[in-house]
Structure formats: structure tokens, C-alpha cells
Amino acid sequence: MAAVESIEILSPGLQTTVQDLGRFGFGRYGVAPSGALDSFALRIGNLLVDNPENQACLETTLLGLRIKALTDVLIAVTGANLQPRVDKRPLEMWCSHILNKGEILSFSGPSSGCRSYIALGGGIDIPPVLGSKSTSLPSGFGGFQGIALEAGAILFSDSPQAKLVASHRKFEPKWIPTYPGKWIVRVIWGPQDDDFTEGGRQTFLKSSYKVSSESDRTGIRLDGPLIQRKADIPESIISEGLISGSIQVPGDGKPIIILGETVSGGYRKIATVISADLPLLGQIRPGDEIHFISISVDEAIKALRKMEIRIKHFKERLSDKASKREKIIP
Amino acid sequence: MIYDKLIFRVMGDRALLVELGDEISPAINKKIRELFVSLDHQEIAGVIDLVPSYRSLLVIYNPLQISTLELENQIAKTQNGMDPARIPSPKTVEIPVVYGDDYGPDLEWVAAYHKIAPQEVIRLHTQHTYQVYMIGFTSGFPYLGEVPEALSTPRRETPRTHVPKGSVAIAQKQTGIYPVQSPGGWHIIGWTPVTLFDPQAEPPSLLEMGDQVRFHAITAEEMANWQP
């Protein structure tokens, strides 16, 4: 495997980081997972460019990213539609394309969703830290020197020319997620739902919450009707572990959906977003509206299985095609 | 109070919160550590991460690999079958601290709040051995307890947006050390040259849950000559 200069960041836009599926197994040291907020988009992007699912990609937020190919490289853009263009031409998303040396891929702004993923054939050649290439912005390590990408950064890929043959791969159109701006997010009650009044729990389910502009990779802050705690219950708890998708209700009664940049917290958690809906959280943007519905653990696992089966089917289809191709080429 | 048996709470479809008590106490935290170390040793298939804290252990798992019920059974079995005498003892770590002035900009405030001299704050802070109740908030941040009642101080009304790496701070009955620059609402009383978190090191955190920590005061000159 030879590492080759594959792309240069001309402008990072609002925020662009290197992310893979995250860093697990170090929670005991306070090390959060980080990782792609929309893991579904990242996995499909990698498969489209013939990478392992967990390869690192660029995660870019809302607008402004411009990158230049330093060699011919296979790319796929998945996740939010931030209106990607190659030079002046619109680029079809959820599909692999060759970005020719010298061509510029740019993102002018969101028509739906919040974060796009750019997968590069041959991945991003940077050393994993604690088992992952994801950037931890709060702790300043991993990814590209522990920071968000800046103009002038050059990224390397492993033998990108070997992946060019996988161009024109397409994800199943019927399975491409839509990002409506009005979201229904499925949750499981708890672990501290009993600390809220029945009225408070109803408020949580019946209200429409608006996503605050203070949201970022650490959490989605919501504005809307306040969720009442029971009278004898203090606002904080003894700090304990939490996961991305935990919905904390601090003293002010406004819920916050925790994303993957912390391992612990000291507020009560009324509910937890189901695993199958976690990727959607990465596509929610300020101003969007969220409605929560509660489901059972069994239903949540069914939903997760459904998502995994789609990915598995897509992989099988790709490997069928690849084996056919091998038969044609002697 | 230490619970007679484990209390399990589901955290969504992929994490289980295991509680062993309902308060901050060295004894409850010790039991959490025993369960944590035993489970870590077991390497149960499907378990992705373990996050021990004051009175609970969060077990994060892949629900397509192991069911909640199966996991609860395995955890209960581990709890019943373990021999606390075989759990390795935690280590004791000495942390040198330069107190006050620019290193500890809140030392004077904390002293004034308690109507004692800054020297007395330092004496109280260094005289005690603290237990690492958990590592959380940011990578490598140790929650240490408990400071003497005479030092128990409410959080700052306005948190700082940038607390320097190495800051030693107090809030309520806790003391802690900021391992990386981050926002923070605790009162900064000193600074340590010791590296608490190094992602390239194995393990990446100097301190682990359960460790015992003692602070000792050094001068700014001693700090300049300090070698790890």
C-alpha cells in the first residue's frame, strides 16, 4: 500500500473534521467516542468507494467546504444535500465518481440535512489514536492533528488508483434517507423518567421542540415547553455514564440530546434515542422541529436490525457485482 | 446506602446502567470498581465499553450481539461469583501543585469565602488522601473526593470558557484536575505540571477510577525544575 497525496482542503467551510465510526473501549478514561454523527451515511459512503465500512471520511457541516483532487481519486458524497458540485457541475450524491486530478469539489449550502460525508477511495491515511481516526475536538486529539481541518491541509489516501474501478456504484434509491426538517425521533424512556411528573412526561411527548442555534457536535439543544421535575427532586444527580442519544433535562427544563463527545453527565435523563435513529441526529440543524415518540426496547432492536439488513443487502449486491467483474476480466 | 442487590436501568437499546448505591461514598465506589474490574476481565461478547462512576457502572453493548436480559444475567453472575480479595489494589499517586497567584487565580476567593487564610486552604487541600471516584467530563478528568467540609465551595457563578490544562480546582466536596484546556465552572486554586492525559500513552490516563491521590505544594521555582 502506498500513501499518495489525494486531496487538498482549499476551504474547510463552517466545520470539517476527519471521522470514522468512533472510539470505543476507553470510556473508563473519560474518552468519548467522537465519530461520524451520521454513521449510516459514513458507512454507505465507504462502501460506495470500495473501502471498509469503518474507514475515515470527511464530515462537513452546512456549507463552504472546497477540496481539490491532487490525484485521480474515487469519491462519494452521502448524508446531507449541501449541493455538492465538481467545478460547475452538480454532483450526484450516494454514488461513486472519479474526481480527476485538479478538479474542485465544493459545497454551496444545505438543501436538506446538516452534515455531508465525503468518502475517498483508499481512505484517509492518518494514524489511528486509541483505535480510531476520529477527531476529538473537546480533547484535541485524533483525526487531523486533533483539530478541525484548515485551508491548506493535505490528506493522503492508500493507493487511490486501485479504487477507481469501483466508480458508478449507486446506493439503492429507495433506501436513501430523507431529512425533512420536521423530525420524528424515537426514544426509550429512562433511565430517570420517573423523576419527572406525569405532566412533564406528557409535555415531552406532545410538544414540538425547536433546535437551538447553540447546537453542535456535543449536543442538540432544544427550545420548547419546559419539562417538570417532581417537587422533591433536585436538578442534578451524582454524575454517571451516558451515551449519545441520552436526553438530559437540566435545571431550566429544556431538553438536550447528547451526541458523541462526552461519556458522563450530572443531569437527569428522561429518555434515550434508539440506535436506529442516531444517524438522523447528525442531520438535524438549527431551526428544525423535533417530536419525540416512545417505543419499547424490542421495537428499537427491530428497527436497528432493519437498518443493518439494508446495509448487509447492499454489501452483498456490491460483492456479487465485484465477483462478476472478476469473471469477465481474465 | 449500599443496595442489597444490583439495580439495572436501561439506557436506550444499547446500554445498561448498573447501580450499587444511592450516594457518594468510598465504600459504594469500591464495590463499583470491583464489579467493573471483574466485568472487564470477563470480556463478555457484545460488550463495547464500560464507564464506571460514583455509584453506577454503565455497560454499553451491541444489542444485536447480546440481549439486555442475557447481559443482566451475566453481570449478576459476575457479581455473585467474584472474590474481592483477588481484585488488584488501586495505586496511590502524588501530584505536585503550585498554589495561588496566576497558577490558582481563585485561591484568594476560596480563602475569603471560608474566612480562612490562603495558606490554610493549601494545608487542608494537601492533608487529605482523595479517591478517584470516576474519570469523566473530558478525557482524563478525575473526580476526586472528598475535600474537608471546611473547603466545600459552591461552583463559580459564571463558568470560565477556557480553563488551562493542569488546573487544580474545587467545587462542592470535589476536587479535580483539568487534563486538557476546556470550559469549566470549578474554582482554580493551583496548577500541576503533571500530564494527566496523553492519548499516545498506554493507558492514556495517568489516573484510573479507584486510585488514591495526594497533593503536595511546590514553589514556582521547584515547578520550573520539575521532571516527570
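Note that this is a predicted model, so its numbers are computed, not measured. (Residues numbered from 1 in each chain as written. Chains lettered and ligands numbered in written order. Predicted model: local features only at pLDDT ≥ 70, side-chain atom pairs only at ≥ 80, totals over all residues. Heavy atoms only, no water.)

Draft legend 1. Molecular detail of the overall build of chain B. Helix and strand counts for chain B stand at 5 helices and 13 strands. Relative to the compact-globule value of 17 Å for 228 residues, chain B shows a C-alpha radius of gyration of 19 Å, a close match. Taken along the three principal axes of its C-alpha coordinates, chain B extends 55 × 40 × 35 Å. When contacts within chain B are restricted to residue pairs at least 6 apart in sequence, long-range pairs at least 24 apart make up 61% of them. When the accessible surface of chain B is split by element, carbon and sulfur atoms take 50% of a total near 10,400 Å². (Helix = DSSP H or I, 4+ residues; strand = E, 2+ residues; numbered from the N terminus. Rg over C-alpha atoms; globule rule 2.2 N^0.38 Å. Contact = heavy atoms within 4.5 Å. Areas by Shrake-Rupley, 256 points an atom, 1.4 Å probe, with all protein chains shown as cover.)

Draft legend 2. Molecular detail of the overall build of chain A. A tally of regular secondary structure across chain A gives 4 helices and 19 strands. Radius of gyration (C-alpha) of chain A: 21 Å, near the 20 Å computed for a compact globule of 330 residues. Its C-alpha atoms give chain A principal-axis dimensions of about 75 × 40 × 40 Å. Counting across all 330 residues of chain A, residues that qualify as buried make up 59%. In chain A, of all internal contacts separated by at least 6 residues, the share reaching a separation of at least 24 is 76%. Carbon and sulfur atoms make up 53% of the accessible area of chain A, which totals about 13,200 Å². (Buried < 20%, exposed > 50% of the residue type's maximum accessible area, 1.4 Å probe, protein only.)

Draft legend 3. Here's a closer look at the layout of surface pockets. Quantified by volume, the second largest pocket comes out at close to 880 Å³. Forming the boundary of the second largest pocket are 36 residues, of which L21(A), F24(A), S39(A), L278(A) and R14(B) lie nearest the centre. Contributing elements (two or more residues each) for the lining of the second largest pocket: α1 (39–48), α3 (278–281) and α4 (297–328) of chain A together with β3 (47–52) and β4 (56–61) of chain B. (1 Å grid on protein atoms, 1.4 Å probe; cavity = no way out; pocket = protein on both sides within 12 Å on 5 of 7 lines; lining within 4 Å. Points joined across faces, edges and corners; volume = space filled by probe spheres on them.)

Draft legend 4. Structural view of α1(A). Residue and element names in this part refer to chain A. For α1, a buried count of 9 out of 10 residues is recorded, marking the element as mostly surrounded by other parts of the structure. Burial in α1 covers these residues: F40, A41, L42, R43, I44, G45, N46, L47 and L48. Between the side-chain oxygen at the start of α1 and the backbone nitrogen of F40 there is a gap of 3.2 Å, and the oxygen is on D38. At the exit of α1 stands D50, carrying a positive phi of roughly 65°. (Polar contact = N/O pair within 3.5 Å; in protein donor to acceptor, adjacent residues only side chain to side chain.)

Draft legend 5. Inspection of the side chain of R33(B) at higher detail. Structurally, the position occupied by R33(B) is in helix α1 (residues 26–42). In this view, R33(B) contacts I87(B), P88(B), S89(B), P90(B), M209(B) and G210(B); residues no more than four positions away in its chain are not counted.

Draft legend 6. Focus on the nonpolar core. Ranked by internal contacts, the top residues of the largest apolar core, which has 75 residues, are L58(A), L105(A) and F292(A). If near-sequence neighbours (up to four positions away) are discounted, L105(A) is found in contact with L65(A), R66(A), I67(A), I75(A), V77(A), P84(A), R85(A), V86(A), L91(A), L99(A) and I118(A). Among the nonpolar cores identified, the runner-up in size contains 25 residues, and V97(B), V110(B), L207(B) and V213(B) belong to it. (Core = buried A, V, L, I, M, F, W, Y, C linked by side-chain atoms within 4.5 Å.)

Draft legend 7. Unusual backbone geometry, seen in detail. At the junction of G190(A) and P191(A), the peptide bond is cis and its omega measures out at 10° in the coordinates. Along the polypeptide, P191(A) turns up in the loop between β12 (182–189) and α2 (198–206). For the bond from E202(B) to P203(B), the omega torsion is -5°, close enough to zero to count as cis. Among the secondary structure elements, P203(B) is positioned in the loop between β12 (187–191) and β13 (212–217). Non-glycine residue L130(A) carries a positive phi angle of around 50°. Inspection of the secondary structure puts L130(A) in the loop between β10 (112–120) and β11 (154–158). Positioned with a positive phi, F137(B) is a non-glycine residue whose angle comes to about 70°. Structurally, the position occupied by F137(B) is in the loop between β6 (130–135) and β7 (142–145). Owing to a relative accessible area of 31%, F137(B) belongs among the partly exposed residues under this scheme.

Draft legend 8. Spotlight on the pattern of salt bridges. Throughout the structure, instances matching the rule amount to 29 salt bridges over all chains. A salt bridge links E19(B) to R55(B); the nearest nitrogen and oxygen atoms lie 3.6 Å apart. Here the residue E19(B) occupies a position in strand β2 (residues 15–21), and R55(B) occupies one in the loop between β3 and β4, the gap between them amounting to 36 residues. Judged by relative accessible area, R55(B) falls into the buried class, the value being 11%. Salt-bridge contacts for K91(B) lead to D211(B); the nearest nitrogen and oxygen are separated by 2.6 Å. A residue pair is termed long-range when its members are at least 10 positions apart, and K91(B) in the loop between α2 (68–81) and β5 (92–99) and D211(B) in the loop between β12 and β13 qualify at 120 residues. Three or more residues joined by partner-sharing salt bridges are found here, namely E240(A), K269(A), R9(B), E19(B) and R55(B). (Salt bridge = Lys/Arg side-chain N within 4 Å of Asp/Glu carboxyl O.)

Draft legend 9. Representation of the environment of I243(A) in the model. Here I243(A) is to be found in the loop between β15 (236–241) and β16 (246–249). Distance from I243(A) to D20(A), taken between C-alpha atoms, is 17 Å for residues 223 residues apart in sequence. When residues no more than four places from it in sequence are discounted, the contact partners of I243(A) are I258(A), T272(A), M11(B), R14(B), A15(B), L58(B) and I60(B).

Draft legend 10. Molecular detail of the sheet that holds β10(A). Residues and elements named next belong to chain A. The antiparallel open sheet is built from 5 strands, whose spatial order is β2-β3-β10-β5-β8. Edge positions in the sheet fall to β2 (15–19) and β8 (96–99), since each has one partner strand and no second. Each neighbouring strand pair of the sheet contributes to a mean axis angle of 30°, computed without reference to strand direction. In this fold α1 packs onto β2, β3 (57–61), β5 (73–81), β8 and β10, with an angle of close to 155° to the strand it touches most, β5. (Pairing = 2+ DSSP bridges. Axes fitted to C-alpha atoms, helices over the stretch in contact; angles between N-to-C directions.)

Draft legend 11. A look at helix α3 (residues 107–114) of chain B. Residues and elements named next belong to chain B. Among the residues making up α3, those that are buried are L107, V110, A111 and H114. Viewed end-on, α3 has its buried residues packed into an arc of 100°, placing them on one side of the element. In α3, the exposed positions that point more than 90 degrees away from the buried face belong to E108 and A112. At its buried positions, α3 is contacted by β5, α4 (118–126) and β12. (Arc of directions from axis to C-beta.)

Draft legend 12. Local environment of the sheet that holds strand β9 (residues 167–171) of chain B. All names here are of chain B. Strand order in the closed barrel formed by 7 strands is β5-β12-β9-β10-β7-β6-β13, with mixed pairing between adjacent strands. Averaged over all pairs of adjacent strands, the angle between strand axes in this sheet comes to 40°, irrespective of strand direction. Lying over the sheet, α4 contacts β5, β6, β9, β10 (174–177), β12 and β13, oriented at roughly 150° with respect to β13.

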